[in-house]
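Chains, contacts and geometry: an overview
As a plain string of letters, each chain reads:
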Amino acid sequence: MNDSSPDRPAVVLDFWCELQCPDCRSALDDLRALRARYGDRLELRLRHFPLEKHKHAFAAAQAAEEALEQGQGWPYIEAVLGRVEELDRQGEPFLMEVARELSLDAEEFDTALIDGRHILIVDADQAEGKAIGVTGTPTYVIDGERLDGGKSQEGLRERVEEIVDRLLAEQAGA
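Let me sum up the structure you'll find in this document. Only a predicted model underlies this, so the values are computations on that prediction, with no experimental measurement involved.

Here helix 2 (residues 57–69) spans 18 Å end to end across 13 residues, near enough to the 18 Å set by a 1.5 Å rise per residue. Summarising burial for helix 2: 10 of the 13 residues are buried, a large majority. The elements touched by buried residues of helix 2 are strand 2 (42–48), helix 3 (73–81), helix 4 (84–90), helix 5 (92–101), helix 6 (106–115) and helix 7 (119–131). Gly71 sits one or two positions beyond helix 2 and adopts a positive phi of about 85 degrees.

Before going further, it helps to examine the pairing of strand 4 (residues 145–148). The pairing of strand 3 (residues 139–142) with strand 4 spans four bridges and is classified as antiparallel. Within the sheet, the bridge partner assigned to Val141 lies in strand 4 and is Arg146. Count of turn residues in the strand 3/strand 4 antiparallel hairpin: two residues, of which Asp143 carries a positive phi of about 50 degrees.

If you trace the backbone, Arg47 turns up in strand 2. Take Arg47: its relative accessible area is 9%, and that puts it in the buried class. Look past the residues within four positions of Arg47 in its chain and what remains in contact with it is Asp14, Phe15, Trp16, Cys17, Asp125 and Glu128.

The residue after Thr137, namely Pro138, is reached through a cis peptide bond having omega -5 degrees. Considering the arrangement of structural elements, one finds Pro138 in the loop between helix 7 and strand 3. Look at Ser103: it is not a glycine, yet its phi comes out positive at around 60 degrees. Assignment of secondary structure puts Ser103 in the loop between helix 5 and helix 6.

Before going further, it helps to examine the pattern of salt bridges. This structure, assessed with the given rule, holds 22 salt bridges. Ionic pairing is found between Glu66 and Arg117, a salt bridge with its closest N-O pair at 3.9 Å. Here Glu66, found in helix 2, pairs with Arg117, found in the loop between helix 6 and helix 7; they are 51 residues apart in sequence, far enough to count as distant. Overall, the relative accessible area of 2% leaves Glu66 in the buried class. Of the residues examined, Arg117 reaches a relative accessible area of 32% and is grouped as partly exposed.

With 18 residues, helix 8 (residues 156–173) extends 26 Å between its outermost C-alpha atoms, agreeing within 8% with the 26 Å of an ideal straight helix rising 1.5 Å per residue. Buried residues along helix 8 sit against strand 1 (11–17), helix 1 (22–38), strand 2, strand 3 and strand 4.

Quick notes on the rules
Residues numbered from 1 in each chain as written. Predicted model: local features only at pLDDT ≥ 70, side-chain atom pairs only at ≥ 80, totals over all residues. Heavy atoms only, no water. Helix = DSSP H or I, 4+ residues; strand = E, 2+ residues; numbered from the N terminus. Expected span 1.5 Å × (residues − 1). Buried < 20%, exposed > 50% of the residue type's maximum accessible area, 1.4 Å probe, protein only. Contact = heavy atoms within 4.5 Å. Pairing = 2+ DSSP bridges. Salt bridge = Lys/Arg side-chain N within 4 Å of Asp/Glu carboxyl O.

Structure representation (structure tokens):
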């Protein structure tokens with residue numbers, strides 16, 4: 001029985017990411033290509049894995065969660081990743097600046113960073129990542145396979161596409 005419905009994407013790709021990570025910025029082109037190729041048949045889920053060496057990464061993860069809540073998650077994530085150097089230099093004021101650029105509710109955004117309402121999500125992602133062997137970012141997990149993009153992103157998109165194509169074919173035949 002195929003329990004995949006038109007409302008639910010057929011395949012999930014977890015993208016373990018850190019928004020202050022230059023390697024994650026490099027992964028953006030692959031993510032855009034995957035979204036363009038598969039559309040709604042692939043759900044890209046951002047999973048947080050802030051690294052201690054980046055002092056603004058934890059706040060950036062919380063900011064991304066607030067942007068998701070306000071309906072602008074991926075545009076926000078892409079905007080921050082595209083300008084990691086500014087996040088390095090400016091920290092939280094930069095996170096607020098991006099929120100304003102995307103016309104998000106800046107006051108609510110600021111409050112979310114102060115009251116820590118998204119900390120549990122970030123902590124849970126990080127704990128799960130450690131439990132399944134994520135050691136750096138970007139890391140992709142699809143169909144139980146972990147692909148580490150922190151060392152090299154060479155050939156990763158092709159590998160993800162092979163897995164997605166296989167899973168979609170299996171579901172179509174189910």
